[in-house]
Amino acid sequence: MPMNSLPDTLDAVSGLDLHMHSTASDGALTPGALVALCHSRGVTHMALTDHDTLAGVDEASAAAERLGIRLLPAAELSAQWRGMTIHVVALLPTGLSAEMNEALATQAEARIARSKEIARRLEAIGLENALAQAREQAGSERPLGRPDFARALVEAGIVPDMTTAFKKHLGAGKRGDVKAHWPYLSDVIDWTLQSSGIAVLAHPLRYGLTRRKRGLLLDAFTEAGGEAAELVSGFQNADVTRDLARQLDERGLYGSLGSDFHFPGGHLAPGSMSPAPRCALPPVWCHPRMRDFAG
Ligand code: AMP
Ligand code: MN
Ligand code: MN
Ligand code: MN
């Protein structure tokens, strides 16, 4: 096996992380600092997956090149399916297409319109100047996300911490969970395919779905052209992972792995996640369009 090439089973891999965030979205590290941290932790293969943007990819690629890391351009795209927000990691081995470029511009506009709506709804529960407060928390001109509003709620003393902010006001089904602006799941998958990319269903265990409903989501995702799903996202129960592997295998999906790292100091770090079980699921890096990355 040539040096630096990836194994052909999910359980045998190390030094790989296909889901991480930088300051281009809601992560704490600049793209360059994230790549440097990956390098220091022995991560050799990575994808930068900022929410709805590839703005961090140029800086990350330059750093990765310097440090001898393989980096995939990617984005975690927000979508809606049956009234829920679903995340799709678009892995883009050949980079940005005109279609994806246009789609990301639409996503940026959707995020702006959504921020105004979230602000309006949070002002109704006492967060004054909500948009300006969230912008101050973001500390830059990057697109706003719910974590910025969560921090603004904490700062204003309306909730004690981020967890409570999501639990009471911003999490699934709460007033600040505005999803009407997001495109349909099938559209997001289309854009990814038009870019010769691979659509990966992000963290299938984190939507609060029953096994049966998760099966329906996986069916819809597969029918629309989705080709992979994250078998492991951060830390998860081993029995649940084995069961998820069965659900993915039944649909002929590839498996992906990622930490969903956002900031240092928490329980996650680049490249750290539960081990994948031995299973028949092919790794997403064995997809024919991922050959250059895996090599
Ligand atoms: P958005 O992209 O604006 O919909 O914001 C979603 C992001 O909020 C996720 O990607 C996480 O980074 C963050 N998030 C979601 N749930 C929680 C939570 N319970 N506590 C802290 N952050 C969360
Ligand atoms: Mn996030
Ligand atoms: Mn996500
Ligand atoms: Mn993420």
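Note that this is a predicted model, so its numbers are computed, not measured.

**Some points on the overall build of the chain**
Secondary structure assignment for the chain yields ten helices and seven strands. Over its C-alpha atoms the chain spans a radius of gyration of 18 Å, differing by no more than 12% from the 19 Å that the globule rule assigns to 295 residues. Expressed as lengths along the three principal axes of its C-alpha atoms, the size of the chain is roughly 60 × 45 × 40 Å. Counting every position in the chain, which comprises 295 residues, the buried fraction comes to 55%. Taking contacts inside the chain between residues at least 6 apart in sequence as the whole, the part at least 24 apart equals 74%. Accessible surface computed for the chain: about 12,900 Å², of which carbon and sulfur atoms make up 50%.

**Some words on the sheet that holds strand β1 (residues 16-17)**
By way of backbone hydrogen bonds, the strands of a sheet pair with one another, either parallel or antiparallel. Read across the sheet, seven strands follow the order β1-β2-β3-β4-β5-β6-β7 without closing on themselves; strand pairing throughout is mixed. Either end of the sheet is taken by a strand with one partner, and the two such strands are β1 and β7 (254-258). Pairing of strand β4 (residues 84-91) with strand β5 (residues 198-201) involves four bridges; the strand directions are antiparallel. Bridge pairing in β5 links leucine 91 to isoleucine 198. Set on the sheet, helix α1 (residues 31-40) makes contact with β2 (45-51) and β3 (70-81); between it and β2 the angle comes to about 150°. Where helix α3 (residues 98-123) meets the sheet, it contacts β2, β3 and β4, and its direction lies at approximately 55° from that of β3.

**What to know about helix α5 (residues 146-155)**
Among the ten residues of α5, seven are classified as buried, and the element is accordingly described as predominantly covered. Among the residues making up α5, those that are buried are Arg146, Pro147, Asp148, Phe149, Ala150, Ala152 and Leu153. Buried-residue contacts for α5 involve α3, α4 (130-138) and α6 (162-170).

**Points about the coordination of the manganese ion (ligand 2)**
Ligation of the manganese ion (ligand 2) by protein atoms is provided by Asp26 (OD), Asp26 (OD), His51 (NE2) and His262 (NE2), these donors lying 2.1 to 2.8 Å from the ion. Taken together, the six donor atoms coordinating the manganese ion (ligand 2) and their angles of 50 to 158° define a geometry best described as irregular. Here the manganese ion (ligand 2) and the manganese ion (ligand 3) are spaced 5.7 Å apart. Placement of aspartate 26 in the loop between β1 and α1 and of histidine 51 in strand β2 is noted, with a sequence separation of 25 residues between them. Side by side, aspartate 26 and histidine 51 carry an identical accessibility label, which is buried.

**Thoughts on the site of ligand 1**
Near ligand 1 you find Asp26, His51, Arg111, Arg114, Gly145, Arg146, Pro147, Phe166 and His262, and these make up its full shell. Within the backbone of arginine 146, an N or O atom sits 2.8 Å from an oxygen atom of ligand 1. With the chains in place, 72% of the 500 Å² that ligand 1 exposes on its own is no longer accessible. For ligand 1, the cavity whose grid points lie within 2 Å of the majority of its atoms is the largest pocket. For the shell around ligand 1, the elements supplying multiple residues, two or more each, are α3 and α5. Class assignment of the residues belonging to the shell around ligand 1 gives a composition of two nonpolar, three polar and four charged.

**Structural notes on the coordination of the manganese ion (ligand 3)**
Around the manganese ion (ligand 3), the protein contributes the donor atoms Glu76 (OE), His87 (ND1) and His203 (NE2), which lie 2.1 to 2.2 Å from the metal centre. Sequence spacing of the donor residues for the manganese ion (ligand 3), all on one chain, is E-x10-H-x115-H.

**Focus on the environment of valine 57**
Tracing the chain through its elements places valine 57 in helix α2 (residues 57-67). By relative accessible area, valine 57 is classed as buried at 8%. Excluding anything up to four places from it in sequence, valine 57 contacts Leu48, Pro73 and Ala74.

Analysis parameters
Residues numbered from 1 in each chain as written. Chains lettered and ligands numbered in written order. Predicted model: local features only at pLDDT ≥ 70, side-chain atom pairs only at ≥ 80, totals over all residues. Heavy atoms only, no water. Helix = DSSP H or I, 4+ residues; strand = E, 2+ residues; numbered from the N terminus. Rg over C-alpha atoms; globule rule 2.2 N^0.38 Å. Buried < 20%, exposed > 50% of the residue type's maximum accessible area, 1.4 Å probe, protein only. Contact = heavy atoms within 4.5 Å. Areas by Shrake-Rupley, 256 points an atom, 1.4 Å probe, with all protein chains shown as cover. Pairing = 2+ DSSP bridges. Axes fitted to C-alpha atoms, helices over the stretch in contact; angles between N-to-C directions. Donors = N, O, S within 2.8 Å, 3.2 Å for Na, K, Ca; no water. Tetrahedral: all angles 85-135°; square planar, octahedral: opposite > 155°, others 65-115°. Near = heavy atom within 4 Å. Polar contact = N/O pair within 3.5 Å; in protein donor to acceptor, adjacent residues only side chain to side chain. 1 Å grid on protein atoms, 1.4 Å probe; cavity = no way out; pocket = protein on both sides within 12 Å on 5 of 7 lines; lining within 4 Å. Sits in = over half its atoms within 2 Å of the grid points. Nonpolar A, V, L, I, M, F, W, Y, C, P; charged D, E, K, R; others polar.

As far as function goes, none of this settles anything; it's purely spatial.
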